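As a plain string of letters, each chain reads:
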Amino acid sequence: MEVLTALTAWAIGSVCRSIPPDHWLAPVCPAGHFGRADLSDLTARLSSNAAIYYPGSEGFEKATMRFSSFHSPGVNVVVVPSVAADVAETVIYANEKDMPFVAITGGHGAITTMGRLENGIQIWMDMLSSVEIAEDGATAKIGGGALSKTVIESLWSAGKQTVTGCCECTSLLGPGLGGGHGWLQGRYGLISDQFQSVEIVLADGSLRTVDESSDLWWAIQGAGHNFGIVTSVTMKVYDIKHRDWAYEMFVFTGDQVEGLYGSFNGILNGGSPPVDIITYGLLLNEPSISTTGPVTMVWVFQEGSTSVDSAYTKALHALGPTAVDAGNGNYLDLARWGGMSIADMPCQKSDFASTRFPVDVQSYDVQAMRKVYDRFASATKETPALNGSFLMAEGYSLRGVKAVPSDSTAFAFRDANFLIAPVIRWPPSGPEVAQKGVDLGKELRQIVHEATGEPELHTYVNYAFGDETPQNCYGYEQWRQDRLRDLKQKYDPQNKFRFYAPIA
């Protein structure tokens with residue numbers, strides 16, 4: 001009888017977590033599972049344009065579809081705020097009901113710690129996407145849900161630009177709260193270096209404006225996911241300096257790995273690349289190009305030119321690439337050239353698992369990259385379900401990043417010259433394939449890290465897998481960890497914001 005009672009309770013609880021409040025079973029649902037009274041209470045607090053979505057609705061499916069299905073958050077209801085006050089009211093409501101919550105914008109936060117959210121509220125920031133340029137043209141106020149494409153195009157049409165992420169479908173603030181690399185960082189620094197102030201909902205539901213006068217300001221610039229939900233940011237914008245951009249793209253086969261990464265080191269000049277040069281590489285399986293092993297596709301982008309200066313590409317040409325492409329346009333073309341536009345694979349959400357394993361390095365170790373290539377080739381051949389995986393090698397200009405004092409923000413790794421990140425993907429499969437995927441990602445990262453000879457593993461928090469320590473993501477200095485924990489205790493003592501790369 002006890003077993004039957006337990007099974008009945010489990011069944012009711014499971015059903016109640018997925019039904020709308022007007023379902024015929026709603027009256028028997030336990031408190032806290034969004035029964036009829038709960039819904040009306042929450043709805044009454046929100047603005048007239050806000051929305052609430054439940055499982056089974058088209059809105060819910062759209063809001064909860066993610067870049068990666070691996071360890072995705074367990075969401076019972078989606079609240080779509082139309083004004084900042086809606087975010088605050090939702091947090092207050094969640095606290096009253098003892099419900100966990102998380103804010104989502106682009107849905108690209110693939111870190112496994114997001115899976116710790118169970119039976120929670122997703123606050124989908126989609127409507128908060130405005131871009132308002134100040135009268136003096138020096139700043140813009142940008143909604144907390146704005147995607148990079150929206151920001152880039154809105155500013156460009158007004159003759160302005162700022163630092164955003166490179167992928168059009170990620171949000172501005174998702175990467176920005178973790179520092180945020182971008183096309184223009186060589187001139188202006190990270191995304192977070194552009195922040196002037198933020199409107200933020202804290203753990204208690206209070207809506208505040210925070211700027212450099214607050215002790216919280218330091219943490220928001222690099223560890224901001226741990227402290228609140230930013231409903232808008234006021235950030236520096238700039239007159240467009242150069243409208244022209246150019247690129248060259250090369251394809252290399254497995255026998256050219258050593259020469260390729262040696263050339264990369266030369267182009268980026270030991271961590272001091274020209275401010276107008278960016279390199280990007282992808283190791284992947286592409287049978288239409290090579291049926292004998294993975295290929296590496298390489299882009300060299302140059303600002304302020306209609307063709308890439310041969311000084312930065314002649315070593316790559318000398319290697320004898322399988323294919324070469326070149327073109328020119330403007331800043332709006334960069335994402336399309338690099339395969340990061342709204343129409344490209346990284347922006348297509350599906351039921352695939354997509355996990356990332358980032359590691360910062362000072363230079364490319366040629367022998368380590370050979371080991372990475374060989375292991376990637378053998379593993380994806382042994383397990384065909386992993387064939388959609390790839391490895392990113394990002395080389396941004398660094399002058400603007402390194403110009404900002406390291407201790408001035410919570411972003412700890414300004415001295416990193418290159419970012420390498422295996423992205424291991426697999427379709428819906430059993431736990432055996434998932435384990436093989438995770439093991440491969442960790443193994444590739446470890447190969448790269450060991451070659452650095454450094455005891456500390458530095459990772460880019462916005463690409464984190466989920467097994468990283470706070471030191472890996474936020475710096476090894478004890479004063480950094482102490483400062484973050486003290487601020488956490490002050491502003492979020494109950495650890496409400498604990499689902500994205502938590503510091504505690």
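See the structure above.
Treat the numbers as computed from the prediction; the structure is a model and nothing was measured. Numbering of residues starts from 1 in every chain and runs along the sequence as written. This being a predicted model, a pLDDT of at least 70 is required before a residue's local features are given, and a value of 80 or more before pairs of side-chain atoms are given or counted; all residues contribute to the totals for chains, interfaces and linings. In computing side-chain values, all of the structure's heavy atoms are included and hydrogens and water are not.

**Student:** Quick question: what am I supposed to make of the overall build of the protein chain here?
**Tutor:** The way it works is that DSSP assigns letters per residue, a run of H or I at least four long becomes a helix, a run of E at least two long becomes a strand, and they are numbered from the N terminus. Looking only at helices and strands, the protein chain features 16 helices and 19 strands. Along the three orthogonal principal directions, the C-alpha set of the protein chain runs to about 75 × 60 × 45 Å. For the protein chain, the residues scored as buried account for 57% of the 504 residues in total. Residue contacts follow a heavy-atom distance rule, with two residues in contact if any of their heavy atoms lie within 4.5 Å. Pairs at least 24 apart in sequence give 73% of the contacts found in the protein chain among residues at least 6 apart. Using the Shrake-Rupley algorithm and a 1.4 Å probe, accessible areas are obtained, with residue cover drawn only from the displayed protein chains. Carbon together with sulfur atoms contributes 51% to the accessible area of the protein chain, which is approximately 20000 Å² in total. Each charge class in the protein chain can be summarised by its mean position, and for the 37 positive and 55 negative side chains these summaries are 1 Å apart. Throughout this description, buried means an accessible area under 20% of the type-specific maximum (1.4 Å probe, protein chains only), exposed means over 50%, and partly exposed covers the range between. Only four residue types enter the charge count: Lys and Arg as positive, Asp and Glu as negative, with His and the chain ends excluded. Here the site of a charge means NZ on Lys, CZ on Arg, CG on Asp, or CD on Glu.

**Student:** Explain the state of the cysteines to me, please; I cannot follow it from the model alone.
**Tutor:** Such a bond, covalent and formed between the sulfur atoms of two cysteines, is termed a disulfide. Throughout, a disulfide means two cysteine sulfur atoms within 2.5 Å of one another. Counted according to the given criterion, the structure contains one disulfide. There is a disulfide in this structure between C169 and C347, and the S-S distance comes to 2.1 Å. Sign of the S-S torsion, about -90° for the bond between C169 and C347, identifies this disulfide as left-handed. Here the residue C169 occupies a position in the loop between β7 (160–161) and α6 (173–176), and C347 occupies one in the loop between α11 (334–337) and β16 (353–356), the gap between them amounting to 178 residues. On the basis of relative accessible area, C347 is assigned to the buried category, the value being 10%. Cysteine C473 is unpaired, with the sulfur of C166 as its nearest cysteine sulfur at 20 Å.

**Student:** Even after reading the chapter, I still don't get the environment of S197, so can you show me in this structure?
**Tutor:** Along the polypeptide, S197 turns up in strand β8 (residues 195–201). The spatial distance from the C-alpha of S197 to the C-alpha of T234 is 5.3 Å, given a sequence separation of 37 residues. Excluding residues within four positions of it along the chain, S197 makes contact with T209, V210, D211, W217, S232, V233 and T234.

**Student:** How do you make sense of helix α16 (residues 478–491) when you look at a structure like this?
**Tutor:** Note that an α-helix has 3.6 residues per turn; residues three or four places apart therefore point the same way. To estimate how far a helix should reach, multiply one less than its number of residues by 1.5 Å. For α16, with 14 residues, the first-to-last C-alpha span of 20 Å sits near the 20 Å given by 1.5 Å per residue. Among all positions in α16, only R480, Q481, L484, L487, K488 and Y491 are buried. The buried residues of α16 occupy an angular sector of 135° when the element is viewed end-on, so they sit on one face. Across α16 from its buried face, at more than 90 degrees, point the exposed residues D486, Q489 and K490. Starting at the helix axis, one direction is taken to each C-beta atom, and the arc is that of these directions.

**Student:** Explain the pairing of strand β10 (residues 229–236) to me, please; I cannot follow it from the model alone.
**Tutor:** A regular strand places its side chains so that they alternate between the two faces of the sheet. In terms of residue burial, β10 counts as a mostly covered element, since six of its eight residues are buried. At least two bridges found by DSSP between two strands are what make those strands a pair. Two elements, strand β6 (residues 139–143) and β10, share five bridges in a ladder whose sense is antiparallel. Note that in β10 the partner of I142 across the bridge is V233.

**Student:** Explain the environment of K381 here, please?
**Tutor:** Tracing the backbone shows K381 in helix α12 (residues 366–382). Owing to a relative accessible area of 73%, K381 belongs among the exposed residues under this scheme. For K381 and I267, which are 114 residues apart along the polypeptide, the C-alpha to C-alpha distance reads 32 Å.

**Student:** Teacher, can you tell me more about the sheet that holds strand β1 (residues 51–53) here?
**Tutor:** The strands making up a sheet associate through hydrogen bonds between their backbones, and the pairing can be parallel or antiparallel. Ordered by their spatial adjacency, four strands build an open sheet running β1-β2-β4-β3, and the pairing between neighbours is mixed. Edge strands, defined here as strands with exactly one partner in the open sheet, are β1 and β3 (101–104). Taken over all neighbouring pairs, the strand axes of this sheet differ in orientation by 25° on average, direction set aside. Note: β1 against strand β2 (residues 75–80), three bridges, orientation antiparallel. The partner of A51 across the bridge, within β2, is V80. An axis is simply a line fitted to the C-alpha atoms; with a helix, the fit covers only the stretch in contact. Between two such axes, the angle follows the N-to-C directions and lies from 0 to 180 degrees. Contacting β2, β3 and β4 (120–124), helix α4 (residues 84–97) runs over the sheet at an angle of about 175° to β4.

**Student:** For this particular structure, what's the right way to read the pattern of salt bridges?
**Tutor:** Pairing between side chains becomes possible if they bear opposite charge and their charged atoms approach one another. Only one rule defines a salt bridge in this text: a Lys or Arg side-chain nitrogen within 4 Å of an Asp or Glu carboxyl oxygen. For the structure on display, the rule yields 21 salt bridges. Between R375 and E443 there is a salt bridge, with its nearest N and O atoms 3.0 Å apart. Of this pair, R375 sits in helix α12 while E443 sits in helix α14 (residues 431–452), placing them 68 residues apart in sequence. Accessibility expressed as a relative area gives 25% for R375, which makes it partly exposed.

**Student:** When you look at the side chain of Q302 in this model, what are you seeing that I'm missing?
**Tutor:** Topologically, Q302 is positioned in strand β14 (residues 295–303). For Q302, a relative accessible area of 7% gives the class buried. Any pair of N or O atoms that falls within 3.5 Å is considered a polar contact. Within protein, one atom must be able to donate a hydrogen and the other to accept it, and sequence-neighbouring residues count only if both atoms are side-chain atoms. At a separation of 3.2 Å, a polar atom in the side chain of Q302 contacts the side chain of D276. A polar contact is formed between the side chain of Q302 and the backbone nitrogen of D309, at a distance of 2.7 Å. Setting aside its immediate chain neighbours within four residues, Q302 contacts D244, W245, A246, D276, I277, S307, V308, D309 and Y312.

**Student:** Quick question: what am I supposed to make of the sheet that holds strand β9 (residues 207–211) here?
**Tutor:** An order of β5-β6-β10-β8-β9 is seen for the five strands of this open sheet, with the pairing classed as antiparallel. Looking at the sheet topology across the chains shown, the edges are occupied by β5 (131–133) and β9. For this sheet the average axis-to-axis angle between neighbouring strands, irrespective of direction, equals 15°.

**Student:** Which parts of the structure should I look at to understand the packing of helix α9 (residues 257–267) against α12?
**Tutor:** Helix packing for two helices is described by the angle between their axes and how far apart those axes are. At their nearest, the axes of α9 and α12 sit 9 Å apart, and the two run at 135° to each other. Relative to α12, the element α9 lies oblique. Every pair of crossing elements has a handedness; the one defined by α9 and α12 is right-handed. Mapping the contact onto sequence places V257, E258, Y261 and G262 in α9 and V366, Q367, M369, R370 and Y373 in α12. Considered class by class, the residues forming the contact of α9 with α12 number five nonpolar, two polar and two charged. Each angle gets one of four labels, with under 35 degrees taken as roughly parallel, over 145 as roughly antiparallel, 65 to 115 as roughly perpendicular, and the rest as oblique. Helix crossings fall into two classes, left-handed where the near helix is turned counterclockwise from the far one by less than a right angle and right-handed where it is turned clockwise. In this classification, Asp, Glu, Lys and Arg are treated as charged, Ala, Val, Leu, Ile, Met, Phe, Trp, Tyr, Cys and Pro as nonpolar, and every other residue, Gly included, as polar.

**Student:** What is the right way to look at the packing of aromatic side chains in this model?
**Tutor:** Aromatic ring pairs: the centre-centre distance and the angle between the two ring planes describe each pair. In this scheme Phe, Tyr and Trp rings, the latter by its six-membered ring, pair at centre separations within 6.5 Å, and the angle between planes marks the pair as stacked below 30 degrees, edge-to-face above 60, and tilted otherwise. For the structure shown, the criterion picks out 16 aromatic pairs. Seen in terms of ring centroids, W183 and F301 are 5.1 Å apart; in terms of plane orientation they differ by 75°. Their pairing is edge-to-face. Residue W183 is located in the loop between α6 and α7 (185–188), and its partner F301 is located in strand β14; the two are separated by 118 residues in the primary sequence. Feature note: the residues Y261, F264, Y364 and F418 constitute an aromatic cluster, connected by ring pairs. Geometrically, a charge over a ring is one whose NZ (Lys) or CZ (Arg) sits within 6 Å of the ring centre while staying within 35 degrees of the ring normal. Its guanidinium or amino end placed over the ring of W156, R243 lies 5.1 Å from that ring's centre, counting from NZ or CZ. The ring of F227 is capped by K488, whose NZ or CZ atom sits 5.7 Å from the centre of that ring.

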